[in-house]
Amino acid sequence: MSKVVRLPAVTCAHFLAGRCLYEEHLNPGYDQGLQCSVVLKLHAMYDSFLDQADAFGLAESQARSMWERRFLELCRHDTGCQDYEPGGNEGFPNCLHGMDGLCVLRFPQCAGRCRNFSLKHRG
């Protein structure tokens, strides 16, 4: 009796770096657990900053320049993520695993073709 071997999923439209993006493609942004922890932390810091700026009655231009300085300082520090690998093509945090604010490593692993397999579009 022969063993069934799964074909590689590299030609699947939902495959990326050994992970399956099918659920994300169905409902973009629905699964909050796929979001990058560094980006989530940055959003929380920004929300806190806006609350502080509002409490101190800062003008929008003052708050903007203060946040830009703070953001530049944050970009110089370690992201705090153990899985961080520099080399992404996005802005901050410039992580190899980042994809539109999501962490590819949080997607389920893909072992090969499945019932959701569909070919990547050419071009």
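This text goes with the structure placed above it.
Residues numbered from 1 in each chain as written. Predicted model: local features only at pLDDT ≥ 70, side-chain atom pairs only at ≥ 80, totals over all residues. Heavy atoms only, no water.

Participant: Help me understand the overall build of the protein chain in this model?
Facilitator: If you tally the helices and strands in the protein chain, you get three helices and four strands. Ordered by position from N to C terminus, the α and β elements of the protein chain give β-β-α-α-α-β-β. Radius of gyration (C-alpha) of the protein chain: 20 Å, far over the 14 Å computed for a compact globule of 123 residues. Projected onto its principal axes, the C-alpha coordinates of the protein chain cover approximately 75 × 30 × 25 Å. Counting across all 123 residues of the protein chain, residues that qualify as buried make up 24%. Across the protein chain, contacts joining residues at least 24 apart in sequence account for 61% of those joining residues at least 6 apart. Here the protein chain displays about 9300 Å² of accessible surface, and carbon together with sulfur accounts for 54% of that area. (Helix = DSSP H or I, 4+ residues; strand = E, 2+ residues; numbered from the N terminus. Rg over C-alpha atoms; globule rule 2.2 N^0.38 Å. Buried < 20%, exposed > 50% of the residue type's maximum accessible area, 1.4 Å probe, protein only. Contact = heavy atoms within 4.5 Å. Areas by Shrake-Rupley, 256 points an atom, 1.4 Å probe, with all protein chains shown as cover.)

Participant: Is there a simple way to explain the packing of helix 2 (residues 37-55) against helix 3 (residues 60-76) in this structure?
Facilitator: The relative placement of two packed helices comes down to the angle between their axes together with the axis-to-axis distance. Following both chains from N to C, one finds helix 2 and helix 3 inclined at 150°, their axes separated by 11 Å at the closest point. The angle between helix 2 and helix 3 falls in the class roughly antiparallel. As helix 2 runs across helix 3, the sense of the crossing is right-handed. Where helix 2 approaches helix 3, its residues Leu-42, Met-45, Tyr-46, Phe-49, Gln-52 and Ala-53 are matched on the opposing element by Ala-63, Met-66, Trp-67, Arg-70, Phe-71 and Leu-74. Of the residues in the contact of helix 2 with helix 3, the class split is 10 nonpolar, one polar and one charged. (Axes fitted to C-alpha atoms, helices over the stretch in contact; angles between N-to-C directions. Parallel < 35°, antiparallel > 145°, perpendicular 65-115°, else oblique. Left-handed = near helix turned anticlockwise from the far one by under 90°. Nonpolar A, V, L, I, M, F, W, Y, C, P; charged D, E, K, R; others polar.)

Participant: Would you explain unusual backbone geometry in this entry?
Facilitator: Leaving glycine aside, a negative phi is the common case for residues, and trans is the common case for peptide bonds. Although it is not a glycine, Ala-17 adopts a positive phi angle of roughly 50°. Of note, Asn-94 is a non-glycine position whose phi angle comes to about 55°, a positive value. Relative to the elements of secondary structure, Asn-94 occurs in the loop between helix 3 and strand 3 (98-99). For Asn-94, a relative accessible area of 29% gives the class partly exposed.

Participant: What am I meant to see in the packing of aromatic side chains here?
Facilitator: Two aromatic rings are characterised by how far apart their centres lie and by the angle between their planes. Evaluated as defined, the whole model comprises three aromatic pairs. Aromatic pair Phe-49 and Trp-67: ring centres 5.4 Å apart, planes at 40°, arrangement tilted. Separated by 18 residues along the polypeptide, Phe-49 in helix 2 and Trp-67 in helix 3 bring together distant segments of the chain. For the pair Phe-49 and Trp-67, one class covers both residues: buried. By the ring-pair criterion, three or more aromatic residues cluster together here, those being Tyr-46, Phe-49, Trp-67 and Phe-71. Positioned above the aromatic ring of Phe-117, the side-chain terminus of Arg-113 is 4.1 Å from the ring centre. (Phe/Tyr/Trp six-rings, centres within 6.5 Å; stacked < 30°, edge-to-face > 60°. Lys NZ or Arg CZ within 6 Å of the ring centre and 35° of its normal.)

Everything listed is a geometric property; what it means functionally is a separate question.
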